[in-house]
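Per-entry structural report
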Amino acid sequence: MKLVIAIIQPHRLEEVKEALYKAEVNLITVSEVFGHGRQGGVTEVYRGFKETGNLLRKIRLEIAVNDSFVDPTIKAITQGARTGEIGDGKIFVLDLEQCVRIRTGEKGSAAIG
Amino acid sequence: MRKRNVWWIAPAMLLLMLSTGVLADEATPAAAPTAKIDTGDTSWVLISSAMVMLMTPGLAFFYGGLVRRKNYLNVLMQCMIILAVLSIQWVVIGYSLSFAPGSKWIGGLQWMMLKGVGLEPYADYSTTIPHQAFMVFQMMFAVITPALIIGAFAERMKFSAFLIFTVLWATFVYDPVAHWVWGMGGILRNLGALDFAGGTVVHINAGIAALVTALVIGKRKSVDKHPIPPHSLPFSVLGAALLWFGWFGFNAGSALGANGIAVNAFVVTHTAAAAAALTWALIDWRIHGAPTMLGTISGAVGGLVAITPAAGFVGVGSAIIIGVMVSVFCFLAVSWLKPRFGYDDSLDAFGVHGIGGFWGALATGLFASKAINPAGADGLFFGNPKQFVIQLAASLVTVVYAFIITLILYKVVDLFIGVRVSDKEEAMGLDVTQHNERAYTALE
């Protein structure tokens, strides 16, 4: 079992979701986060004062998957989120120790899908 | 991201407008007074003008709450810049084109820069208020009408293109149609069409322009995949409340005096809005299982739209029927007609203002009564079927004209600078991409 965490551009969320559904990855958690990587934030202007280096809005996806789904998940996220510009985001894959479905008490692989 | 530099558009347009009119800018005594200024009438028209002015920011919040938060400022900005730019257009040339003596199709140019529009009454329009009071009251109508169209193309129009389109639309669609209906010698006025406060000029006109722009600009990108929910309905409720309040100025102010007709307009305006708000809530309850806030305010605005042409000519019983029916028609338009025809009228500018305005214009021909206003006419239900035919004809003429000219203006703007933002800008939102600002800060 792995936990896939991806940070993507908000305006690519629709495409990523679509790609994930096509890869039959249907269970995701999405949250709105703030941060920046190499591109260093946006510039906004208020009454003539420029504010640079503001944190950017990003979307964080968390997806718990069984091992056979790791590659398709990574592929789908990459395909949906990539624009080729700086700021497209990152994908992290972590080992997942345990997973429990609260409703039934199922554990492990059976609880993920 | 590369942006096309179009900062010069605003000053260039201002200069263009000024250069056509600045030479005429000199104080001139008004036309010979034929009547005496009434202080009560003048006060009421000035207050009404201020109330109608407040409707444009009200509309901004009404529409702003309905868009996604990434486009909130863009909608507010569109409304506020219209308030600025069209107020200038109006004193420079718009008022003259609409109301100066001219042909039956368009006013003359002799009142550019308000030359000759003075502080004495101008008897053709009102005998008891200064001519400039009439002018400034009408200005607020000229401002809000193009703002209504925003609802159709919200969330995907380039700001520069919007600005140019709006000034062109005001000059080539609003001003002529205002002249037809309200201007001395205007073709629809001579025909005997009744439009108390602007059902034809404001709502049918803007509603049809909304339909055209929604059709040609195309759908928002994600609208087919899932419905786009309003980002903040409380703002829309605030906006609807401001519209409702301002509408007393819009309709009762259109009596151009503090008199019985103004009171009648005030009462029926409120009654129709209430009936329509209640009706839409009940329709929602019945069909979707719960009375919704959005449905209730949509109904209220629809009721206000529909009673607008009729306000000075009908009584409360008719107002209730007009209000109930407008919610039925508008509900059908937005939940049945729109999905079937597949146009993306984002905030239902056509569905509410076009349909509601059309119903209001026809309803005036059904319910108008000389018992309410001897200066008006009787409608179909009061023994005069001819009035209904006149209302229908006047509405259809406006529909056809607004449809064709709006389409041409849109295509011209699209040809020169392109109307729609790029897919990426649309996805990122118009606040950041068009204005370098955001409605809501990130963390703090």
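Below you will find a few notes about this structure.

Quick look at the overall build of chain A
In terms of regular secondary structure, chain A is built from three helices and six strands. Traced from its N-terminal end to its C-terminal end, chain A shows the element sequence β-α-β-β-β-β-α-β-α. Expected size for 113 residues packed as a compact globule is a radius of gyration near 13 Å; at 17 Å, chain A overshoots this value by more than 25%. Each principal axis of the C-alpha distribution contributes one length, and for chain A these read about 60 × 25 × 20 Å. Counting the 113 residues in chain A, one finds 31% classified as buried. Pairs at least 24 residues apart make up 69% of the contacts formed inside chain A by residues separated by at least 6 positions. Total accessible area on chain A is roughly 7,100 Å²; 51% of this is exposed by carbon and sulfur atoms. Taken as two groups, the 16 positive and 15 negative side-chain charges of chain A have centres that lie 3 Å from each other.

Here we look at the interface of chain B and chain A
Counting residues at the interface gives 12 residues for chain B and 13 residues for chain A. Taking both partners together, chain B and chain A bury about 1,200 Å²; carbon and sulfur atoms supply 48% of that area. Joining chain B to chain A, the criterion identifies three salt bridges. In this structure, Glu85(A) and Lys424(B) form a salt bridge, with 3.0 Å as the shortest nitrogen-oxygen distance. Applying the counting criterion to the chain B and chain A interface returns two residue pairs in polar contact (both at pLDDT 80 or more). Broken down by class, the residue content of the side of chain B that touches chain A amounts to four nonpolar, two polar and six charged.

Considerations on helix H1 (residues 13-22) of chain A
All names here are of chain A. Those residues of H1 that fall on the buried side of the exposure criterion are Leu13, Val16, Ala19 and Leu20. Mapping the buried residues of H1 onto a view down its axis gives an arc of 130°, with all of them on the same face. The inward-facing, buried residues of H1 contact strand E1 (2-8), strand E2 (29-35), strand E5 (56-65) and helix H2 (70-81).

Basis of the calculations
Residues numbered from 1 in each chain as written. Chains lettered and ligands numbered in written order. Predicted model: local features only at pLDDT ≥ 70, side-chain atom pairs only at ≥ 80, totals over all residues. Heavy atoms only, no water. Helix = DSSP H or I, 4+ residues; strand = E, 2+ residues; numbered from the N terminus. Rg over C-alpha atoms; globule rule 2.2 N^0.38 Å. Buried < 20%, exposed > 50% of the residue type's maximum accessible area, 1.4 Å probe, protein only. Contact = heavy atoms within 4.5 Å. Areas by Shrake-Rupley, 256 points an atom, 1.4 Å probe, with all protein chains shown as cover. Lys, Arg positive; Asp, Glu negative; His and termini not counted. Charge placed at Lys NZ, Arg CZ, Asp CG, Glu CD. Buried area = accessible area lost by both parts, 1.4 Å probe. Salt bridge = Lys/Arg side-chain N within 4 Å of Asp/Glu carboxyl O. Polar contact = N/O pair within 3.5 Å; in protein donor to acceptor, adjacent residues only side chain to side chain. Nonpolar A, V, L, I, M, F, W, Y, C, P; charged D, E, K, R; others polar. Arc of directions from axis to C-beta.

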